[in-house]
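A look at the structure
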Amino acid sequence: MAAVSSSAEYNRMKEVKEFDETKMGVKGLTDSGITTIPKFFVQMPEVRSTLKPCSEDPAGIPLIDLSRMNCPDHRPRIVDELREAAKNWGFFQVFNHGVPVSVLNKTIESIKSFHEQPQVLKAKHYVRAEQSGVMYASNNDLFRSKAASWHDYVHVWMSPEPADVDQIPDACRSEIVAWDKEATMVAETVAELLSEGLGVAAGKLREAGLLATKTIAGVYYPFCPQSDLTLGLNHHTDPGVLTVLLENQVVGLQVKHGGEWVDVKPVPGSLIINIGDALQALDETIAAIKVVHEQPTEEKSKYYVHEEGRGVMYASINDLYRAKAACWHYSLQVWMSPEPAP
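The rules behind these values
- Residues numbered from 1 in each chain as written.
- Predicted model: local features only at pLDDT ≥ 70, side-chain atom pairs only at ≥ 80, totals over all residues.
- Heavy atoms only, no water.
- Salt bridge = Lys/Arg side-chain N within 4 Å of Asp/Glu carboxyl O.
- Helix = DSSP H or I, 4+ residues; strand = E, 2+ residues; numbered from the N terminus.
- Buried < 20%, exposed > 50% of the residue type's maximum accessible area, 1.4 Å probe, protein only.
- 1 Å grid on protein atoms, 1.4 Å probe; cavity = no way out; pocket = protein on both sides within 12 Å on 5 of 7 lines; lining within 4 Å.
- Points joined across faces, edges and corners; volume = space filled by probe spheres on them.
- Phe/Tyr/Trp six-rings, centres within 6.5 Å; stacked < 30°, edge-to-face > 60°.

When their charged atoms lie close together, side chains carrying opposite charge are able to pair. In the structure shown here, the tally under the stated rule is 13 salt bridges. Here K112 ties to E116 by a salt bridge, and the two come within 3.0 Å at their closest N and O atoms. A residue pair is termed a helical-turn pair when its members lie 3 or 4 positions apart in one helix, as K112 and E116 do in helix α5 (residues 101-116) at 4 residues. For K112, a relative accessible area of 18% translates into the label buried. The salt bridge partner of R173 is D170, with a shortest N-O separation of 2.5 Å. D170 sits in the exposed class, given a relative accessible area of 62%. Taken together, the shared-partner salt bridges connect R75, E192 and E196 into one network.

Turning our eyes to something else, we now look at unusual backbone geometry. Negative phi characterises most residues that are not glycine, and trans characterises most peptide bonds. With an omega of 10 degrees, the peptide bond running from S159 to P160 counts as cis. Phi at K23 takes a positive value of approximately 60 degrees, unusual for a residue other than glycine. With respect to the helices, strands and loops of the structure, K23 is situated in the loop between α1 (12-22) and α2 (25-31). The partly exposed category is assigned to K23, whose relative accessible area is 35%. Positioned with a positive phi, N139 is a non-glycine residue whose angle comes to about 65 degrees. By the element assignment, N139 lies in the loop between β3 (134-137) and β4 (152-159). With a relative accessible area of 0%, N139 lands in the buried category.

Before going further, it helps to spend a moment on empty space enclosed by the protein. Scanning all chains against the criterion turns up 1 cavity of 30 Å³ or more. Approximately 50 Å³ is the volume found for the largest cavity. Along the walls of the largest cavity sit Q93, L245, L246, E247, Q249, P266, V267, S270, L271 and I272, which together make up its complete lining. For the lining of the largest cavity, the elements supplying multiple residues, two or more each, are β7 (240-247) and β10 (271-275).

Turning our attention to the packing of aromatic side chains. This model, assessed by the stated rule, comprises 6 aromatic pairs. For the ring pair F19 and F40, a centre distance of 5.6 Å and an interplane angle of 50 degrees mean the geometry is tilted. Taken together, the positions of F19 in helix α1 and F40 in the loop between α2 and α3 (45-48) put the pair 21 residues apart, joining distant regions of the chain. The pair F19 / F40 is uniform in exposure class, with both members buried. Between F114 and Y136, the ring centres sit 5.2 Å apart and the planes meet at 85 degrees, which makes this aromatic pair edge-to-face. Of this pair, F114 sits in helix α5 while Y136 sits in strand β3, and the two are 22 residues apart along the sequence. The exposure class assigned to Y136 is buried, which follows from its relative accessible area of 0%. One aromatic cluster in this structure is built from F19, F40, F41 and W150.

This is the structure we're talking about:
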């Protein structure tokens, strides 16, 4: 891409289009050895002024143990903990969730392997087709956002019309299929417990079809030479029902709570649950819409996998059987940040 000589000559759309056509992603920019990020990645001053560096404070989002959820003496407490976490945060971590550590590790490694393979191998998957199949690209909103964010991702639709398994990249194919099975189990378990906490039948969210549409995203945040100027992921809320998030052990994800940015501290073996806008809309006792973002780093890269559910709001939680939701989905995500740069 040509260097920008002055603001007057800068054509953002032209620069973005040229970058997208290279199919190199931000990982390719990092590998090229750049020391200055392209202008279209630079966040507006009003956004940069709100950023809070990741801290060493051990406090963070709620952490909930699911190990005794089927024990009559302990289940009510777990239901209460999930309800309070959903009400006050909309974000929480769960552990002893039943997914083998080996699956978590293999999933993370497979997403890392995909994003760190030679560009020529990844480029054949680079496409912008957001509603079906398999998509690998940099920023799903690259042409829509005011400023791009510092990440690449691979996105796979799992239901109701799953992508052809052969379309999923070799580097992560079997792991994505396995992750879908395990993360779906976690999502259904959390939905069941939340249903009880909201005062409806345990299986009502699932029976209403709110978990019928699934997507998986494997997102990669590489080393950034000017991490103070951009974001790994722009401020956003998840539009769906639930997001089940697996990340490697690098701090960067933050959630806005009480007007302050709070770090989501990685806990080995845990999974992060994000209550989406659609589920929040179903019951006003669930936390008001959360805003999250991902901080880039000059020392590490980050990667994650998630699976998410989306939907259209038609009714209250007590009217779910009559709701005619057209596009509910939930997502299973993996977020990845590589090891410290040499």
